[in-house]
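# Inside the fold
The lines below spell out each chain.
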Amino acid sequence: MPKKPVRAIFPGSFDPITNGHLDVIHRAMKLFNEVIIAVGKSPIKNQLFTPEERVAMIAEIIADMPGVAVESFDGLTVEYAARKKADVILRGLRSLTDVHYEFQLAMTNRAVAGIETVFVMTSEQYGFTSSTLIREIASLGGDLSNLIPNSVNERLQKRVKRK
Ligand code: ADP
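Residues numbered from 1 in each chain as written. Predicted model: local features only at pLDDT ≥ 70, side-chain atom pairs only at ≥ 80, totals over all residues. Heavy atoms only, no water.

### Things to note about the sheet that holds strand β5 (residues 116–121)
- Reading across from one edge, β3-β2-β1-β4-β5 is the order of the 5 strands in this open sheet, with parallel pairing throughout. Each of the sheet's edge strands pairs with one partner strand only, and the pair in question is β3 (68–73) and β5. Taken over all neighbouring pairs, the strand axes of this sheet differ in orientation by 30° on average, direction set aside.
- Bridge count between strand β1 (residues 7–12) and strand β2 (residues 34–40): 6 bridges; the pairing is parallel. Within β2, the position partnered with proline 11 by the bridge is alanine 38.
- Against the sheet, helix α4 (residues 96–113) engages β4 (88–93) and β5, with an angle of about 170° to β4. (Pairing = 2+ DSSP bridges. Helix = DSSP H or I, 4+ residues; strand = E, 2+ residues; numbered from the N terminus. Axes fitted to C-alpha atoms, helices over the stretch in contact; angles between N-to-C directions. Contact = heavy atoms within 4.5 Å.)

### Details of the pairing of β4
- With 5 of its 6 residues buried, β4 lies for the most part within the structure.
- As defined by bridge partners, β1 adjoins β4 across 2 bridges and the pair is classed as parallel. Note on β4: the bridge partner recorded for isoleucine 9 is isoleucine 89.
- Relative to β5, β4 runs parallel, the two sharing 6 bridges. Bridge pairing in β5 links valine 88 to glutamate 116.
- Where the polypeptide runs from β4 across α4 and back to β5, its parallel neighbour, the crossover connection is right-handed. (Buried < 20%, exposed > 50% of the residue type's maximum accessible area, 1.4 Å probe, protein only. Right-handed = clockwise from strand over helix to strand, strands pointing away.)

### A few points about the pattern of salt bridges
- All chains considered together, the criterion is met by 10 salt bridges.
- With a shortest N-O distance of 3.2 Å, glutamate 34 and arginine 7 are connected by a salt bridge. In this pair, glutamate 34 is assigned in strand β2 and arginine 7 in strand β1, connecting sequence segments 27 residues apart.
- Under the relative-accessibility criterion, glutamate 34 is labelled partly exposed at 30%.
- In this structure, glutamate 60 and arginine 155 form a salt bridge, with 2.4 Å as the shortest nitrogen-oxygen distance. Of this pair, glutamate 60 sits in helix α2 (residues 51–62) while arginine 155 is found in helix α6 (residues 150–162), placing the two residues 95 residues apart along the sequence.
- A relative accessible area of 47% means that glutamate 60 is categorised as partly exposed. (Salt bridge = Lys/Arg side-chain N within 4 Å of Asp/Glu carboxyl O.)

### Description of the site of the ligand
- With respect to spatial proximity, 16 residues lie near the ligand, and among them Ser13, Phe14, Gly92, Tyr126 and Thr129 are the closest.
- One nitrogen or oxygen atom from the side chain of histidine 21 is found 3.2 Å from an oxygen atom belonging to the ligand.
- The contact in question runs from a nitrogen atom of the ligand to an N or O atom on the backbone of threonine 129, over 2.9 Å.
- Summarising the interface, the protein chains cover 86% of the accessible area of the ligand, which totals 540 Å² for the free molecule. (Near = heavy atom within 4 Å. Polar contact = N/O pair within 3.5 Å; in protein donor to acceptor, adjacent residues only side chain to side chain. Areas by Shrake-Rupley, 256 points an atom, 1.4 Å probe, with all protein chains shown as cover.)

Listed below in structure tokens is the structure:
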């Protein structure tokens, strides 16, 4: 049977995007025809970059990745997914701690909108990487070169210096 083209949306805060997120995106590129990285505009705690800045950083990184796009969105993820005619929601898993929260979210999204969530497990080396920790380490002057793309690291260093 021919495979049906699948469009996935990958919603998140991405403040900023990390190598862990990118690992999930690279894996998803093998599974789906299209992956749309969807940067949530809803205010998050300790926001470092505006949604527009996050989208711009991601756009630079994915420029040579076929089938991958980025945009920001407002409001409910399931409503955004319906507007985009997405087949699935993509989410990344790092550990069992993630499973607890993600399970609840996926069940709710399926109950309210009938949309499936597909989970992709990250490489072990990024199992402890989170945007929150990246922001904290950056503010304390730590070396993040193994955990985030260079272009993100440069902007992050400038931003924490300015703060
Ligand atoms: P949210 O605020 O919605 O959790 P994030 O930007 O923190 O947004 O994460 C978006 C998605 O990426 C989530 O599914 C999260 O579990 C996943 N994710 C975050 N960091 C990693 C990582 N290091 N490896 C794999 N997945 C990750």
